[in-house]
Amino acid sequence: MTPIAADDFAGFVAARWPELEVVALVATLDAESARALVTEALARLRAHWGEAVEQGAPTAAARAELLARIVALPSSPPHRPREGSRPEATAVDDVTRLLGAGADGRPGADSPVPAALLAALAAEPPPVRALLAATSAWDIPLSGLAPLLGRQGAGGLQAVPEARERLLLAHRAARAADGLAPADHHLDDDVATVVERLGAGLTEPPDPAALVAERAGGLRRRQLLLGAGAVAVAGAGAAWFVRGAAAPGAPSPVASTSGLPGPRDPRWAFTGRWPARGPLAGDLGIRALVVRAGGPGTRLVYAADLPGVRAAVAVVPQVDDTPGVGSTIKVWSGAPGTPAERLVDVPLGLQGIYGPSDLVAVGIPSGPAAVLLALTRPTVRTIDFSPVVTLTQGGSVQRIYARLALTDGITAFVLDQRFGAGASLRASGYEGPVPAPEQWGGYDMYGDDPAQSLVQQVASATGLPAGRLVARILVDSPTDGSVLDATALSARGEDGRVRVAVLRTPDRAVVRMAVVSDDGRGAGGIRFDPPKVVPAELAEDPLVVPLDGVPPATGRYLVVVPAGGATCQFLRDPGREPVSERTAMKGRTAVVLVENDDGAGPYRLVVRDRAGTVVYDGVPTPGRELYGDDTSVVEETTTSWLGRPSDQVP
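Everything numeric in this text was worked out from a predicted model, so none of it was measured. (Residues numbered from 1 in each chain as written. Predicted model: local features only at pLDDT ≥ 70, side-chain atom pairs only at ≥ 80, totals over all residues. Heavy atoms only, no water.)

Looking at the overall build of the protein
Thinking step 1. Helices and strands together make up the secondary structure of the protein, namely 14 helices and 27 strands.
Thinking step 2. Split into buried and exposed, the 650 residues of the protein put 52% on the buried side.
Thinking step 3. Sequence separation of at least 24 residues holds for 66% of the intrachain contacts in the protein that already meet a minimum separation of 6.
Thinking step 4. Element-wise, carbon and sulfur atoms account for 51% of the exposed surface of the protein, whose accessible area totals about 28,400 Å². (Helix = DSSP H or I, 4+ residues; strand = E, 2+ residues; numbered from the N terminus. Buried < 20%, exposed > 50% of the residue type's maximum accessible area, 1.4 Å probe, protein only. Contact = heavy atoms within 4.5 Å. Areas by Shrake-Rupley, 256 points an atom, 1.4 Å probe, with all protein chains shown as cover.)

Comments concerning the nonpolar core
Thinking step 1. Core analysis: the biggest nonpolar cluster contains 58 residues, and V23, L42, L45, L66, W138 and L167 have the highest contact counts within it.
Thinking step 2. When residues in this core are grouped by element, the largest group, 11 residues, is from helix 1 (residues 3-28).
Thinking step 3. Of all hydrophobic cores here, the second largest spans 46 residues; its members include I329, V331, V346 and V362. (Core = buried A, V, L, I, M, F, W, Y, C linked by side-chain atoms within 4.5 Å.)

Focus on the packing of aromatic side chains
Thinking step 1. Summed over all chains, the structure comprises eight aromatic pairs.
Thinking step 2. Plain terms: the ring middles of Y557 and F570 are 5.6 Å apart, the flat faces sit at 90 degrees to each other, and that makes the pair edge-to-face. Separated by 13 residues along the polypeptide, Y557 in strand 19 (residues 555-560) and F570 in strand 20 (residues 567-571) bring together distant segments of the chain. Here Y557 and F570 have matching classes, each one buried. (Phe/Tyr/Trp six-rings, centres within 6.5 Å; stacked < 30°, edge-to-face > 60°.)

Some thoughts on the packing of helix 6 (residues 126-137) against helix 7 (residues 142-149)
Thinking step 1. Running from N to C, helix 6 and helix 7 cross one another at 120 degrees; their axes reach a closest spacing of 10 Å. The angle between helix 6 and helix 7 places the two elements in the oblique class. Here the hand of the crossing between helix 6 and helix 7 comes out right-handed. Each of L131, A134 and T135 in helix 6 lies in contact with helix 7, whose residues at this interface are L142, L145 and L149.
Thinking step 2. When its residues are assigned to classes, the contact of helix 6 with helix 7 shows five nonpolar, one polar and no charged. (Axes fitted to C-alpha atoms, helices over the stretch in contact; angles between N-to-C directions. Parallel < 35°, antiparallel > 145°, perpendicular 65-115°, else oblique. Left-handed = near helix turned anticlockwise from the far one by under 90°. Nonpolar A, V, L, I, M, F, W, Y, C, P; charged D, E, K, R; others polar.)

A look at the packing of helix 5 (residues 113-122) against helix 9 (residues 187-200)
Thinking step 1. Running from N to C, helix 5 and helix 9 cross one another at 80 degrees; their axes reach a closest spacing of 10 Å. In terms of orientation, helix 5 lies roughly perpendicular with respect to helix 9. Mapping the contact onto sequence places V113, P114, L117 and L118 in helix 5 and L187, D190, V191, V194 and L198 in helix 9.

Some points on helix 7
Thinking step 1. Those residues of helix 7 that sit buried are G144, L145, L148 and L149. With its buried residues spanning 145 degrees around the axis, helix 7 presents them on a single face. Seen from the open side of helix 7, the exposed residues pointing more than 90 degrees away from its buried face are S143 and P147. (Arc of directions from axis to C-beta.)

Considering the side chain of D518
Thinking step 1. Its location among the elements puts D518 in the loop between strand 16 (510-517) and strand 17 (526-534).
Thinking step 2. Those residues in contact with D518 that sit more than four places away from it in its chain are G481, V483, L484, D495, G496 and G525.

Describing the pattern of salt bridges
Pairs can form between side chains of opposite charge once their charged atoms are near each other.
Thinking step 1. Inspection of the entire model under this criterion finds 24 salt bridges.
Thinking step 2. Notably, a salt bridge pairs R426 with D384, separated by 3.0 Å at the nearest N-O pair. A residue pair is termed long-range when its members are at least 10 positions apart, and R426 in strand 12 (residues 424-427) and D384 in strand 8 (residues 382-386) qualify at 42 residues.
Thinking step 3. Given a relative accessible area of 18%, R426 falls into the buried group.
Thinking step 4. Take D384: its relative accessible area is 8%, and that puts it in the buried class.
Thinking step 5. Between R472 and E540 there is a salt bridge, and its shortest N-O distance comes to 2.9 Å. Of this pair, R472 sits in strand 14 (residues 470-479) while E540 sits in the loop between strand 17 and strand 18 (543-547), and the two are 68 residues apart along the sequence.
Thinking step 6. A network of salt bridges, in which partner residues are shared, links D189, D384, R403 and R426. (Salt bridge = Lys/Arg side-chain N within 4 Å of Asp/Glu carboxyl O.)

Notes on the side chain of T411
Thinking step 1. Structurally, T411 can be placed in strand 11 (residues 410-415).
Thinking step 2. Only 3.2 Å separates the side chain of T411 from the backbone oxygen of A405, close enough to count as a polar contact. (Polar contact = N/O pair within 3.5 Å; in protein donor to acceptor, adjacent residues only side chain to side chain.)

What about the environment of A536?
Thinking step 1. Looking at where A536 falls in the secondary structure, it is placed in the loop between strand 17 and strand 18.
Thinking step 2. Not counting the four nearest positions on each side in its chain, A536 is found in contact with Q393, R504, R508 and V510.

Some remarks on the environment of A210
Thinking step 1. Residue position: A210 is located in helix 10 (residues 208-216).
Thinking step 2. Accessibility expressed as a relative area gives 25% for A210, which makes it partly exposed.

Looking at the sheet that holds strand 21 (residues 583-584)
Thinking step 1. If you trace the four strands from one edge of the open sheet to the other, you get 21-20-23-24, paired in antiparallel fashion. Either end of the sheet is taken by a strand with one partner, and the two such strands are strand 21 and strand 24 (614-618).
Thinking step 2. Here strand 20 runs beside strand 21; their pairing, made up of two bridges, is antiparallel. Of the residues in strand 21, the one forming a bridge with T567 is A584. (Pairing = 2+ DSSP bridges.)

Quick notes on the sheet that holds strand 18
Thinking step 1. Ordered by their spatial adjacency, three strands build an open sheet running 18-19-22, and the pairing between neighbours is antiparallel. The strands lining the two open edges of the sheet, one partner per strand, are strand 18 and strand 22 (589-594). For this sheet, the mean inter-axis angle between neighbouring strands, taken without regard to orientation, is 25 degrees.
Thinking step 2. Examined bridge by bridge, strand 18 and strand 19 share five bridges and lie antiparallel to one another. Considered in strand 19, the bridge of P546 is made with Y557.

Re the confidence of the model for the protein
Thinking step 1. In this model, the protein carries a mean pLDDT of 80, and residues with pLDDT of at least 70 account for 79%.
Thinking step 2. Scored below 50 in pLDDT, residues 219-257 shows 122 contacts in the model against residues more than four places distant or in partner chains. (pLDDT = per-residue confidence, 0-100.)

Right, dumping it as structure tokens:
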């Protein structure tokens, strides 16, 4: 093996060792045996390393070698654990010490769920345990494991569905013991957490590449096999940009720069401390570009030739080493192979990720399509991405999240089309919009035509063509000139103006948006109430827009009644006690004051005509914000509807 090939192999071993060893550990439930299996598998791979690299699938080859070793293990008859029993030998002190309960009802730190899942895993034969662990640790579906197994391992693959059913029964029983309702959709995540915890309990070999080389040479030194010295797992080599089981002939993996800190190094907690990643991170021209064009404090975090685009991504930390603040993102791009001096700045609509200090995500143009690039800690395995929202006739906002796999904290996912303002990302405690080129947003919120602006915003959020959306002005009415600033002096005595645009989608969903302007006396002058989705049958019901209170204990509300009226009044609901005076309407609007407003609304609105006849009596729908937090979420593990991981791009 040449020195260059030896260096490449050493980097590969360092990067891939953790994911291989954790699968071997679940298969054997013994740390010493797991380490021996991984060493043997990689020693076999070393003998034909050049061929694996030439075929562009070294990761798949390493996984196949390990699974072959596991399938050949003596298989004792499966045993069913007695109630309360646990495996005798694991590499973790206490697998029940996991993350505390979250808002989604997941089991807490003292829950019996993790121990029950581990016991259920231990009752299965080693090959089945390995395959169950591999779907999590390698983020590969069962169908993707088949090419790695060959004929000898086909039996284990066929046994996995029944084993998973047994895990599901154990999961339900443990949740019931913990006082939790069944949650079958959490099974895969809970198994993945157990596998991850097992892996965290393993000691790292002092030099994994040397360990493999010595095994390949026939040397068996036990102090190396069980050495407890700490070595940064990714520090000695490359972070390989490969996901899944790449078949022969797949594109070659993309190596990152060497010398990265270990996956649990504290520097990964802050983007301002990150080393640059990606195969072009060491390019002097790109580094010079970031220093010259990025401004003070700008730090290169990633550079690579991605499918269809060369990209350099940098961050400007808001406050160095201050958690919960986030980072401003800068992007330069060009065609693959473009010299650094010809890369162009990509102006972003949203300038950064604000909140988490260990996350960078951005959409990058790639011809007519796009690449979603996400970077975070090397220990993070997945993120959830939703490109659009779906609106319904009943007034709900729905969102589908696809789970994307990360390799060493990186994913570059090729999207079939560009996303707009409705895109959302969940990762590292963050749930919110994704920075992207400003032209992707595709709308002018401050345009003179609210109906056209609403069309553009809904098209951006839903991905629907603007030509298929129909909007009109529902209300164009005068209102109080001091509507936005009741304390402003120098009144001009003119009216304000309220315009309400309403839009219908091809599926008959309805979105409304109000634009309010005063008579020019205040500092603000104009207010855009966010687009809101309402049930189709309530498209022309009254709107209530909260305004700034004056004095603070008084609630001020702009009431807009499309059908018109003479007076309006708020009543408590239920109870019907008046909480405001009857207020005369100007045009189709009124500014209603609620003294000692306790925020107990929404209030019941009563509208009367000039004869005193009630023409509306009800609680106006508040609607759901187009990009709001009250969306109905569907989790989707497949991504074929969304696009393709970059390592699957032809």
